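Remarks on the overall topology
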Amino acid sequence: MADSGEDLFSLLDLTEYEADALEELLLLGRTTAPDLAEATGIPKARIYGVLDALSEAGYVKVIPGRPKRYEPHEPAAIAERAVENRRHAYERFREDVAAVEEAFVDEYAPVRDRGVDELSPTEDLFHVVDVGEPSERETRRLFSEAEEAVYVLSKSFGYVDAVRPAMRDAVDRGVDIDVLLLNPDSLSAENRERQAEIRDSLAAEFPSVAVRVSDRVLPWRGTFVDPSLSYESGQGLLMVEQEDVPNHHRQAAVTENPSFVAGMWQYFDLLWRHESIPADPDPDAERDPTASGGAVE
């Protein structure tokens, strides 16, 4: 389904009044502030401030006269200005951070280093993040930082849309990606349908990604990258199966411990080779299960 032209409004960082005013201006063309207030229902006491904000952002031009009139820039120009505004905001933010970074590091790095020295073995093994946007953000980071291989163990890979750009970048860098999903027979009808859609989209968009389904219920799910059997690299994220706990109450463990990640990979590899089947039943499309990227020696 094609995106609606109105979707750009959600990206412009506008207030509700500003978005309403800009959309109406695009439909009406040149008009006065009182007429725009009447057309949109924006209070007349607010309309001039709204139009001033749109003008300052570069989306609307002011035509002098009595009364003044307001006219939107061309839609393509508005889109270009939105990108430019965000770029300028980022540059200002980067400059602001750079101005205080040295003082920040000098003040807190010694405290942080002392805290690391005092970590218990368990604390050093992993830290936790909430399931949802925080865990998806960590998963995107794993895809972005992967150098050789990414392994995904998931019920249906339902969060694929949240990591798709990072996944695309990993594929473009030549990173091997293996995805092991739960057998559809173990899913509800709704999840089975969703998984089928995701498998079709992976096959169409990421033909190099190998996808298999497990013959057994998966006790944990997660993503891990670049495991090493010499315990020199690897990081990952995992969560245990907790069907009776809602996602907003769950947490995922993030680890950068190479030994732990190597153990995760060995478990994954056993399932991949011996307790899973190709997601695509076409034998011509099946990749040799022993062709998985494997751990780095």
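Before going further, it helps to spend a moment on the packing of aromatic side chains. What describes a pair of aromatic rings is the distance from one ring centre to the other and the angle between the planes of the rings. Taken as a whole and assessed by the stated rule, the structure comprises 8 aromatic pairs. Look at Trp220 and Tyr267: their rings are 5.6 Å apart centre to centre, the planes differ by 40°, and that puts the pair in the tilted class. In this pair, Trp220 is assigned in strand S8 (residues 220-225) and Tyr267 in helix H9 (residues 258-274), connecting sequence segments 47 residues apart. The exposure class of Tyr267 is partly exposed, given its relative accessible area of 21%. For the ring pair Phe268 and Trp272, a centre distance of 5.6 Å and an interplane angle of 20° mean the geometry is stacked. Here the residue Phe268 and the residue Trp272 both occupy positions in helix H9, the gap between them amounting to 4 residues, near one helical turn. Among the aromatic residues, those joined into a ring-pair cluster are Tyr151, Trp220, Phe224, Tyr267, Phe268 and Trp272. Lying across the ring of Trp272, Arg212 places its NZ or CZ 5.7 Å from the centre.

Here helix H8 (residues 189-205) spans 24 Å end to end across 17 residues, near enough to the 24 Å set by a 1.5 Å rise per residue. Residues of H8 that are buried include every one of Gln195, Ile198 and Leu202, and no others. Each buried residue of H8 sits inside an arc of 65° when the element is viewed along its axis, so together they form one side. Away from the buried face of H8 by more than 90 degrees, exposed residues Ala189, Glu190, Glu193, Asp200, Ala203 and Ala204 are located. Close packing links the buried residues of H8 with helix H7 (160-172), strand S6 (176-182) and strand S7 (210-214).

Our next topic: the confidence of the model for the chain. For the chain, the mean per-residue pLDDT works out to 85, and 85% of the residues sit at or above 70. Within the model, the stretch residues 283-291 combines pLDDT values under 50 with 14 contacts to residues more than four positions away or in other chains.

Attention now goes to the sheet that holds strand S1 (residues 31-32). Spatial strand order, S1-S3-S2: 3 strands in an open sheet with antiparallel pairing. A single partner strand is all that each edge strand has here, and the edge strands are S1 and strand S2 (60-63). Note that S1 and strand S3 (residues 69-72) share 2 bridges and pair antiparallel. Bridge pairing in S3 places Thr31 opposite Tyr70.

The subject of this paragraph is unusual backbone geometry. The omega angle of the peptide bond from Arg66 to Pro67 is 0°, so this bond is cis rather than trans. Mapped onto the elements, Pro67 comes out in the loop between S2 and S3. In this structure, Asp226 is a non-glycine residue whose phi angle is positive, near 50°. Following the sequence through the fold, Asp226 ends up in the loop between S8 and strand S9 (235-240). Look at Tyr231: it is not a glycine, yet its phi comes out positive at around 60°. Secondary-structure assignment places Tyr231 in the loop between S8 and S9.

Structurally, Val175 can be placed in the loop between H7 and S6. Sequence separation between Val175 and Asp226 is 51 residues, and the spatial gap between their C-alpha atoms is 9.6 Å. Sequence-distant contacts of Val175, that is, excluding residues within four places in its chain, are made with Ala146, Glu147, Glu148, Ala149, Val150 and Ala170.

For the rest of this paragraph, the subject is the environment of Pro165. Within the secondary structure layout, Pro165 lies in helix H7. Spatially, the C-alpha atoms of Pro165 and Ser144 are 9.3 Å apart, while their sequence positions differ by 21 residues.

In terms of residue burial, strand S10 (residues 251-255) counts as a mostly covered element, since 4 of its 5 residues are buried. Note that strand S4 (residues 127-130) and S10 share 4 bridges and pair antiparallel. By the bridge assignment for S10, Val129 is matched with Ala252. Pairing between S9 and S10: 3 bridges, direction antiparallel. Bridge assignment links Leu237 to a residue of S10, and that residue is Val254.

What follows deals with the nonpolar core. Formed by 30 residues in total, the largest nonpolar core has its most connected members in Phe143, Phe157 and Ile177. Elements with a contribution of two residues or more to this core: helix H6 (133-145), strand S5 (149-154), H7, S6, H8, S7, S9 and S10. Of all the elements, H7 adds the most residues to this core, at 6 residues. In this structure Phe143 touches Val150, Val152, Val163, Ala166, Met167, Ala170, Arg173, Ile177 and Thr223, once residues within four positions along its chain are discounted. Listed in part, the 19 residues of the second largest apolar core include Phe9, Leu51, Tyr59 and Tyr70.

Cut-off values and rules
Residue numbers restart at each chain and count upward from 1, following the sequence in its written direction. Local features in this predicted model are restricted to residues of pLDDT 70 or higher, and side-chain atom pairs are both shown and tallied only at a pLDDT of 80 or more, whereas totals for entire chains, interfaces and linings draw on every residue. Calculated side-chain values reflect all of the structure's heavy atoms, with hydrogen atoms and water omitted. To pair, rings of Phe, Tyr and Trp, with the six-membered ring standing in for Trp, must have centres within 6.5 Å; the planes then decide the type, stacked if under 30 degrees apart, edge-to-face if over 60, and tilted in the middle. Numbered from the N terminus, helices here are DSSP runs of H or I no shorter than four residues, and strands are runs of E no shorter than two. Partly exposed residues are those whose accessible area sits between 20% and 50% of the maximum for their type, while under 20% is buried and over 50% is exposed, using a 1.4 Å probe and protein chains only. By the criterion adopted, a ring carries a charge over it if an Arg CZ or a Lys NZ lies within 6 Å of its centre and within 35 degrees of its normal. Each helix should span, by expectation, one fewer than its residue count multiplied by 1.5 Å. Our arc is simply the arc of the directions from the helix axis toward the C-beta atoms. Contacts are assigned to residue pairs that have any heavy atoms within 4.5 Å of one another. pLDDT gives the predictor's per-residue confidence on a scale running from 0 to 100. A pair of strands is treated as paired once DSSP finds two or more bridges between them. What makes a nonpolar core is a set of buried Ala, Val, Leu, Ile, Met, Phe, Trp, Tyr and Cys residues whose side-chain atoms join them at distances within 4.5 Å.

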